[in-house]
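# What the coordinates show
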Amino acid sequence: MRVRIRGGLAVLVAAVVLIVSAACRATTSSAVPAGETAGVWAPEIPTGLPPVGTLRDARSGFVHPGVLVSGTQLDFVIGKVQAGEEPWLSAWLALRRSRYADLGWHPEPIAVVECGYYSQPDRGCTREAEDAVAAYTHALLWVFTRDTRYAEKAVQILDAWAQVLRRHANSNAQLQAGWSGATFVRAAELIKHTYPQWSPARSARAERMFRNVFLPQVTSSLKGYKAGNWGLIMLDAVVGISVFLDDRASFFQALDVWRLRMRAYVYVAADGPTPHVPPDGAFTKQRLVEYWGGQTRLVDGMAQETCRDLLHTGWGLAAAAHVAETAWIQGVDLYAEARKRLIPALEFHADFEMGAPVPPWLCGGQLQTGLDPLPEIAYNHYRVRMGFDLPVTRELVESRRPAGPAFFYAWETLTHAANPR
């Protein structure tokens, strides 16, 4: 019976998610189990693999594979794991030991995924989110080992859902579509551009699922002003799906919305005395204060959901980084555009996550920690690629590696830690 990773939006559900996330991290610990030898956990990555590399589509101009992780990034990591270097080896072993890596994984698709607040009801929500993580896990296993069993398992999971899924329903429908769509499409992108045996019929079914089920759901509510992490997670899905489908119009429209979302999610003093409103948001001054958790004093790096909790804030920042990373691979530097927001946001929240006292003026002196996932991707870009100093974020990331999987993120220490590509 599967362990549930599905969470709702309320604080009670956030607490449950934190417990489950901690459990997942515990089950994917990087340490070699007591009584075992290192050889038991050998990398199992053959030498002499041909490079994954990248190709550019002549029509769209998109680089493939190019959703969140590129072929050159994966080639870099494969070399590090083969050499037994850290933190990549521990992250690889965590993936290999994960239940999501089980070749006996059986997908459980459902036609109408119905997800409400507090996960009530949960009709297919957990199934879909977990199957998406499993599909991406097996796609990575295929790329790292070239064992066709993993590619076929990823294809099986994708095809099972592509044949059955028709829509998402109830109050959490958009968020659920964002979570699962963002993860499923990473698997599909890797398989499509590294596994020639994916049959045209199955590939076409996956494309129809992304175009006809996920894309309309996540684009229809992008300019609403629910919790900020919702919009950013949906954008994560839109951008990934757009690259997979070679849809330039959808891609660049999503980037424009991301720019508006980012300035409405993270505050900097240059914004003036009040934060920017979300896209298409109709706010009175009092409504805007309420939207920011009752916070009237704002400082650089504070996020719209800071006073809610650091879990949901972490989701928003991670989704923002996912979009920026895919855009970076595709030649658009959103990181540079958002640097004066994202770097302060990373440092501000990492500081409290690492135990800094909460001042009385911030969120009434009470801040619910539990930042997740680790900000590996944004940290890697700003520190490793660009050379900026993020000392508190570095302490947080290095103390909690390897990052585990849940919802719309998975194995980001493996794919993005200290990766200069």
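Below, the structure is looked at part by part. (Residues numbered from 1 in each chain as written. Predicted model: local features only at pLDDT ≥ 70, side-chain atom pairs only at ≥ 80, totals over all residues. Heavy atoms only, no water.)

### Section: the overall build of the chain
When helices and strands are tallied, the chain shows 15 helices and seven strands. Counting every position in the chain, which comprises 421 residues, the buried fraction comes to 60%. In the chain, the share of contacts with a sequence separation of at least 24, taken over all contacts with a separation of at least 6, comes to 78%. Accessible area of the chain: about 15700 Å², with a carbon and sulfur share of 54%. (Helix = DSSP H or I, 4+ residues; strand = E, 2+ residues; numbered from the N terminus. Buried < 20%, exposed > 50% of the residue type's maximum accessible area, 1.4 Å probe, protein only. Contact = heavy atoms within 4.5 Å. Areas by Shrake-Rupley, 256 points an atom, 1.4 Å probe, with all protein chains shown as cover.)

### Digging into the environment of Ala 403
With respect to the helices and strands, the residue Ala 403 is situated in the loop between helix H14 (391–400) and helix H15 (412–416). Residue classification places Ala 403 among the buried positions, given a relative accessible area of 9%. It is 9.8 Å that separates the C-alpha atoms of Ala 403 and Leu 95, two residues lying 308 residues apart in sequence. Residues in contact with Ala 403, not counting those within four places in the same chain, are Leu 374, Trp 411, Glu 412 and Thr 413.

### Re the state of the cysteines
Within the structure shown, the criterion is met by two disulfides. Cys 115 shares a disulfide with Cys 125; S-S distance 2.1 Å. Its torsion about the S-S bond being -120°, the disulfide of Cys 115 and Cys 125 is classed as left-handed. Remark: Cys 125 occurs in helix H4 (residues 125–145) and Cys 115 occurs in strand E5 (residues 112–115); sequence separation between them is ten residues. Judged by relative accessible area, which is 0%, Cys 115 ranks as buried. For Cys 307, the disulfide goes to Cys 363, at an S-S distance of 2.0 Å. Its S-S torsion of approximately -85° makes the covalent link between Cys 307 and Cys 363 left-handed. Note that Cys 307 is positioned in the loop between helix H10 (285–291) and helix H11 (310–329) and Cys 363 in the loop between helix H12 (334–353) and helix H13 (376–385), a separation of 56 residues in sequence. In terms of burial, Cys 307 and Cys 363 fall into one category: buried. Taking only the cysteines that form disulfides and numbering them from first to last, the chain has the pattern 1-2, 3-4. (Disulfide = S-S within 2.5 Å.)

### Considering the nonpolar core
Counting 118 residues, the largest nonpolar core has Phe 144, Phe 210, Trp 258 and Phe 408 as its most contacted members. Here the element with the most residues in this core is H4; it accounts for twelve residues. Sequence-distant contacts of Trp 258, that is, excluding residues within four places in its chain, are made with Leu 232, Leu 235, Ala 320, Val 323, Ala 324, Leu 334 and Ala 338. In this structure, Tyr 267, Leu 298, Leu 374 and Leu 396 belong to the second largest nonpolar core, which totals 20 residues. (Core = buried A, V, L, I, M, F, W, Y, C linked by side-chain atoms within 4.5 Å.)

### Some thoughts on helix H8 (residues 228–244)
Compared with the 24 Å implied by 1.5 Å per residue over 17 residues, the 25 Å span of H8 between its first and last C-alpha is a close match. Asp 246 occupies a position one or two residues after H8 and carries a positive phi of about 55°. (Expected span 1.5 Å × (residues − 1).)

### Thoughts on the side chain of His 138
Its place among the elements puts His 138 in helix H4. Residue classification places His 138 among the buried positions, given a relative accessible area of 0%. Ignoring anything within four residues of it in the chain, the contact list for His 138 reads Tyr 100, Ala 101, Asp 102, Leu 103, Trp 105, Tyr 150, Ala 151, Lys 153, Ala 154 and Ile 157.

### Some remarks on the packing of helix H6 (residues 173–194) against H8
Put simply, H6 and H8 touch, their axes get as near as 8 Å, and they point 30° apart. One finds that H6 runs roughly parallel with respect to H8. Between H6 and H8 lies a crossing of left-handed hand. Along the contact surface, H6 presents Gln 174, Leu 175, Ala 177, Gly 178, Trp 179, Gly 181, Ala 182, Val 185, Arg 186, Ala 188, Glu 189 and Lys 192, while H8 presents Asn 229, Trp 230, Ile 233, Met 234, Asp 236, Ala 237, Gly 240, Ile 241, Val 243 and Phe 244. Looking at the contact of H6 with H8, its residues break down into 13 nonpolar, five polar and four charged. (Axes fitted to C-alpha atoms, helices over the stretch in contact; angles between N-to-C directions. Parallel < 35°, antiparallel > 145°, perpendicular 65-115°, else oblique. Left-handed = near helix turned anticlockwise from the far one by under 90°. Nonpolar A, V, L, I, M, F, W, Y, C, P; charged D, E, K, R; others polar.)

### Section: the sheet that holds E5
With respect to topology, three strands assemble into an open sheet ordered E6-E5-E7, the strand pairing being mixed. Two strands close off the open sheet at either side, each with one partner strand: strand E6 (122–123) and strand E7 (167–169). Against the sheet, H6 touches E5 and E7, its axis set at about 135° to E7. (Pairing = 2+ DSSP bridges.)

### Concerning the side chain of Gln 295
Within the secondary structure, Gln 295 sits in the loop between H10 and H11. A residue is classified by how much of its surface remains accessible, and Gln 295, at 6% relative accessible area, is buried. In terms of polar contacts, Gln 295 uses its side chain to reach the backbone carbonyl oxygen of Arg 297, at 2.9 Å. In terms of polar contacts, Gln 295 uses its side chain to reach the backbone amide nitrogen of Cys 363, at 2.9 Å. For Gln 295, the contacting residues outside a window of four places in its chain are Val 289, Met 302, Cys 307, Trp 361, Leu 362 and Cys 363. (Polar contact = N/O pair within 3.5 Å; in protein donor to acceptor, adjacent residues only side chain to side chain.)

### Remarks on the environment of Thr 72
Looking at the secondary structure, you find Thr 72 in helix H2 (residues 71–82). With 21 residues separating them in the primary sequence, Thr 72 and Pro 51 have C-alpha atoms 8.0 Å apart. Setting aside anything within four residues of it in sequence, one finds Thr 72 in contact with Gly 53, Thr 54 and Arg 421. A polar contact of 3.0 Å, which involves the side chain of Thr 72, links it to the side chain of Ser 70.

### Structural notes on the pattern of salt bridges
Applying the stated rule across the entire model yields 18 salt bridges. The salt bridge involving Lys 80 is made with Glu 85; its shortest N-O contact spans 3.1 Å. Between Asp 147 and Arg 149 there is a salt bridge; the shortest N-O distance is 2.7 Å. Taken together, the shared-partner salt bridges in this structure form one network comprising Glu 152, Asp 159, Arg 202 and Arg 205. (Salt bridge = Lys/Arg side-chain N within 4 Å of Asp/Glu carboxyl O.)

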